[in-house]
Amino acid sequence: MSTATRPGFPHRHLLGIEGLSPLDIAALLDRADEAVEISRQIEKKRATLRGRTQINLFFEPSTRTQSSFELAGKRLGADVMNMSVASSSVKKGETLIDTAATLNAMRPDIIVVRHHQAGAVHLLARKVDCAVVNAGDGAHEHPTQALLDALTIRRNKGRIEGLVVAICGDVLHSRVARSNIILLQALGARVRVIGPSTLLPPGIERFGVEVFTDMRAGLKHADIVMMLRLQRERMNGSFVPSVKEYFRYFGLDGDKLREARPDALVMHPGPMNRGVEISSEVADGAQSLIREQVEMGVAVRMAVLEALATHLPNA
Ligand code: CP
């Protein structure tokens, strides 16, 4: 990728969207645009991370994020190790700090971490010598998801500034929502959140978003409809009366989508619960960007790894 006119990325880790400037974000998206072109070629390999070691340490299940970080690292020439927590010493009671110290002793250059506790990735970053990337920490942040969402929007709409983006569903438990709210507002979008009051964090208005508990009202004139998964694994208690009731009021089907602009585009970070938060008709329809989001995921992760590589020793 060309580096002639690109501003340097001034961060050693990527722990969240919080702390990135609009310039940092735009530079990562520009790098990712170039990575899309590389990924569409037959020869996809680059040497940016040749000789480097990348460890993917996932304490929670993942399909998209883990596999795309693996592909991204390999396309940039890194040796990539996927650490399976299910068969690791974490299962024998080893703490996060001890796991981090053990892996650090093997001298990795980059560790990509997903953890069920908010803040765990920040803690780990203080205990290791290498670059750390947050692949999702509890309900806190999922920065590369927000970056890939922004890239998908920018490539389809030509801009982010001034767009009305409606984020719908289980906002309370969503790290994707939090990272997207920060990023999209930093780039000038108008962000709405829509959901039942039980699934909206108290005081969410303080983030500068418009809040709707009526989905049809919230969707009016939206340019982008971003659906969220109902995260039942993070719920201790009853947040919705029933899945059927939830879909009736907050599931995106063709009828509700007609409240948005005619050229509105539909997104979902995955994994999707068809018939819970989104109908198959919409998920597989002409307005859906869901498959394109997956492609952008590899490109954004290549961009992030490449940006962090500039701070590695002997870079
Ligand atoms: N969107 C997302 O983070 O998906 P995975 O859980 O499959 O990584």
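Please refer to the structure higher up on the page.
Residues numbered from 1 in each chain as written. Predicted model: local features only at pLDDT ≥ 70, side-chain atom pairs only at ≥ 80, totals over all residues. Heavy atoms only, no water.

A. Quick peek at the site of the ligand. As a structural note, the neighbourhood of the ligand is formed by Ser62, Thr63, Arg64, Thr65, Arg114, His142, Gln145, Pro269 and Gly270. Taking Gly270, its main chain carries an N or O atom lying 3.1 Å from a nitrogen atom of the ligand. The fraction of the free accessible surface of the ligand (250 Å²) that becomes covered by protein chains is 92%. Considered class by class, the residues forming the shell around the ligand number one nonpolar, six polar and two charged. (Near = heavy atom within 4 Å. Polar contact = N/O pair within 3.5 Å; in protein donor to acceptor, adjacent residues only side chain to side chain. Areas by Shrake-Rupley, 256 points an atom, 1.4 Å probe, with all protein chains shown as cover. Nonpolar A, V, L, I, M, F, W, Y, C, P; charged D, E, K, R; others polar.)

B. Inspection of the side chain of Thr99 at higher detail. Considering the arrangement of structural elements, one finds Thr99 in helix 3 (residues 96-104). For Thr99, the contacting residues outside a window of four places in its chain are Val90 and Glu94. (Helix = DSSP H or I, 4+ residues; strand = E, 2+ residues; numbered from the N terminus. Contact = heavy atoms within 4.5 Å.)

C. Geometry of the packing of helix 1 (residues 22-39) against helix 11 (residues 290-309). Packing of helix 1 against helix 11 leaves a shortest axis separation of 8 Å and a crossing angle of 120°. Judged by the angle between their axes, helix 1 and helix 11 are oblique. Between helix 1 and helix 11 the crossing geometry is right-handed. Taking contact as the criterion, the partners of Leu28, Arg31, Ala32, Ala35, Val36, Ile38 and Ser39 in helix 1 are, on helix 11, Glu295, Met296, Val298, Ala299, Val300, Met302, Ala303, Val304, Glu306 and Ala307. By residue class, the composition of the contact of helix 1 with helix 11 is 13 nonpolar, one polar and three charged. (Axes fitted to C-alpha atoms, helices over the stretch in contact; angles between N-to-C directions. Parallel < 35°, antiparallel > 145°, perpendicular 65-115°, else oblique. Left-handed = near helix turned anticlockwise from the far one by under 90°.)

D. Layout of helix 1. With 18 residues, helix 1 should reach 26 Å at 1.5 Å per residue; the first-to-last C-alpha distance of 25 Å fits that figure. Here helix 1 has its buried residues at Asp24, Ile25, Ala27, Leu28, Leu29, Arg31, Ala32, Ala35, Val36, Ile38 and Ser39. Summarising the contacts, the buried residues of helix 1 are in contact with helix 2 (64-75), helix 5 (143-157), helix 6 (175-186) and helix 11. (Expected span 1.5 Å × (residues − 1). Buried < 20%, exposed > 50% of the residue type's maximum accessible area, 1.4 Å probe, protein only.)

E. The arrangement of the sheet that holds strand 3 (residues 110-115) in detail. Pairing is parallel in the open sheet, where four strands are placed in the order 2-1-3-4. The outermost strands of the open sheet, each flanked by one partner alone, are strand 2 (79-84) and strand 4 (131-137). In this sheet, adjacent strand axes meet at a mean angle of 15° when their direction is disregarded. Pairing geometry for strand 1 (residues 53-58) and strand 3, over five bridges, is parallel. Considered in strand 3, the bridge of Leu57 is made with Val113. (Pairing = 2+ DSSP bridges.)

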